[in-house]
Amino acid sequence: MADFPKLLVATEFPPNMPGGGGAIVRQMLQGWPVEKLFWWSCRPDNGRHFGQKTAGHAVALIPTKFYPHRRVRRQKCWLLENFWGPWAARHFQKTLAAFRPDVVWVISHCWSIPPLARVLPGAGIPFHVSIHDYADVQRVIDGFGEPRSRRFSALGDQLYARASTRDGITRQMTDDLAARTGAAGIVIRAGLEPADFRHLDAVVPPADNGWIRIAYAGTIIVEPEFALFVTALGKIRHQLPKPLSLEFFGDHSYRSHPWFDASWMTEHGNLPQPQLSEALKQCTWGFSPMALADDDPRYNRFSIPAKFTSYLAAGLPVITLGHPECTVVKTATVYDVGHSSTTTSINALAEQLLVALTEPDPRRKYRENLRRCAREEFDASRMRRALHTCFGKQPEP
């Protein structure tokens with residue numbers, strides 16, 4: 001116990017937040033003593049769905065009605081930046097005084113960036129910065145406005161450069177950050193645990209000989225590409241040797257969307273990680289799209305969806321769709337872990353999917369490539385040891 005320093009996680013989201021960012025943080029905190037784990041966030045922890053406990057949680061609350069989701073975004077952003085931000089910085093200073101951490105882990109995310117950038121460089125406390133997505137990806141620009149997103153991105157770069165240690169979610173991201181800030185970082189992202197590797201090492205029979213089940217885990221970020229994929233599937237599903245099912249696992253419902261067809265699509269809701277893992281193992285393929293156009297390169301070329309790791313852990317070959325330079329297509333192509341496509345043509349995609357989905361045993365076909373990709377790129381134990389060393393944890397004898 002003495003070799004674990006007192007750690008404060010500081011970010012926008014709470015300990016049990018759904019989504020890829022929360023999942024990565026919780027996975028990397030496995031084994032950290034609860035009594036030495038504290039949290040500061042801008043959102044409250046309204047549930048304990050994922051079981052992440054802390055010894056203390058301070059919330060610099062952004063009231064729900066003021067968060068710039070849809071209406072009057074410009075005015076809400078101005079109020080948050082000019083009034084909430086300075087107050088949140090003072091709140092964070094008080095949190096540091098109250099919790100007295102040995103080290104702070106910053107997950108650089110949205111509205112948490114300005115108060116943390118204002119306080120931490122002069123606080124006299126070592127801090128580690130993780131970047132999962134850049135603060136000026138297109139969806140953030142759409143929500144906060146381009147000038148503000150660029151300011152947040154610059155502040156994030158400053159935090160990254162002045163941190164004691166740092167990481168990014170892909171090697172492309174850490175290389176880009178090193179070129180721009182002069183600071184080196186390691187790669188930390190969602191990974192496979194020892195039990196996942198044991199599952200991959202086993203001889204895995206087909207999940208269900210009666211169905212072709214394609215899993216989609218998480219939120220749909222690129223809906224045009226998703227709609228393209230669904231349309232292509234719709235054109236060929238009656239030609240397949242088995243009935244087709246598209247299965248959704250996540251916080252959002254898509255039943256009201258024009259492309260949703262309840263006759264061959266199923267929503268399972270947001271499952272805790274153990275249940276999600278077991279549910280994915282019953283599927284045949286995973287689907288991981290990114291944008292086909294390169295008009296959001298700050299996301300496309302530097303981030304990678306956490307769902308890709310979830311599919312690897314379940315032993316699922318992956319269908320990837322996106323621009324040739326996007327991270328998920330590059331990774332899937334290098335390791336040949338399933339079917340990868342960059343086409344924007346519905347008919348061409350339909351023809352490709354007909355060939356891929358006719359494969360009688362895709363899990364067995366791609367098993368060795370899935371194992372190699374997972375070992376080389378997504379070993380959670382290796383990444384966790386590296387991150388804990390950054391926090392100052394003493395290595396085990």
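Preceding this paragraph is the structure being described.
Let me begin by describing the structure that accompanies this report. (Residues numbered from 1 in each chain as written. Predicted model: local features only at pLDDT ≥ 70, side-chain atom pairs only at ≥ 80, totals over all residues. Heavy atoms only, no water.)

Remarks on the sheet that holds strand β8 (residues 212-217)
Link 1 in the chain: With parallel pairing, six strands are arranged side by side in an open sheet as β10-β9-β8-β11-β12-β13. Pairing within the sheet leaves two strands with one partner each, and these edge strands are β10 (265-267) and β13 (338-341). Strand after strand, the sheet turns through a mean of 20° between neighbouring axes, direction not considered.
Link 2 in the chain: For β8 and strand β11 (residues 285-289), the ladder comprises two bridges, and the chain directions are parallel. Paired with Ala215 across the bridge in β11 is Gly286. (Pairing = 2+ DSSP bridges. Helix = DSSP H or I, 4+ residues; strand = E, 2+ residues; numbered from the N terminus. Axes fitted to C-alpha atoms, helices over the stretch in contact; angles between N-to-C directions.)

Overview of the pattern of salt bridges
Link 1 in the chain: Across all of its chains, the model carries 25 salt bridges by this definition.
Link 2 in the chain: The partner of Asp3 in a salt bridge is Lys393, with the nearest N and O atoms 3.6 Å apart. Here Asp3, found in the segment before β1 (7-10), pairs with Lys393, found in the segment after α16 (380-391); they are 390 residues apart in sequence, far enough to count as distant.
Link 3 in the chain: With a relative accessible area of 23%, Asp3 lands in the partly exposed category.
Link 4 in the chain: A residue is classified by how much of its surface remains accessible, and Lys393, at 11% relative accessible area, is buried.
Link 5 in the chain: Ionic contacts of the salt-bridge type, sharing partners, join the residues Asp136, Glu146, Arg150, Asp157, Asp176, Arg180 and Arg298 into one network. (Salt bridge = Lys/Arg side-chain N within 4 Å of Asp/Glu carboxyl O. Buried < 20%, exposed > 50% of the residue type's maximum accessible area, 1.4 Å probe, protein only.)

Some points on the environment of Arg26
Link 1 in the chain: Along the chain, Arg26 turns up in helix α1 (residues 20-28).
Link 2 in the chain: Among the residues examined, Arg26 registers a relative accessible area of 11% and is labelled buried.
Link 3 in the chain: Once the C-alpha coordinates of Arg26 and Pro15 are considered, the two residues, 11 residues apart in sequence, prove to be 7.6 Å apart.
Link 4 in the chain: Every residue in contact with Arg26, bar those within four places of it in the chain, is listed here: Pro15, Asn16, Met17, Gly19, Phe50 and Gln52. (Contact = heavy atoms within 4.5 Å.)

Looking at the packing of aromatic side chains
Link 1 in the chain: A full pass over the atoms with the stated rule returns 25 aromatic pairs.
Link 2 in the chain: Plain terms: the ring middles of Phe226 and Phe229 are 6.5 Å apart, the flat faces sit at 65° to each other, and that makes the pair edge-to-face. Here Phe226 pairs with Phe229, and both are found in helix α8 (residues 223-236), just three residues apart, close to one helical turn. In this pair, the class of Phe226 matches that of Phe229, namely buried. (Phe/Tyr/Trp six-rings, centres within 6.5 Å; stacked < 30°, edge-to-face > 60°.)

Everything listed here is a matter of geometry and, on its own, says nothing about what the molecule does.
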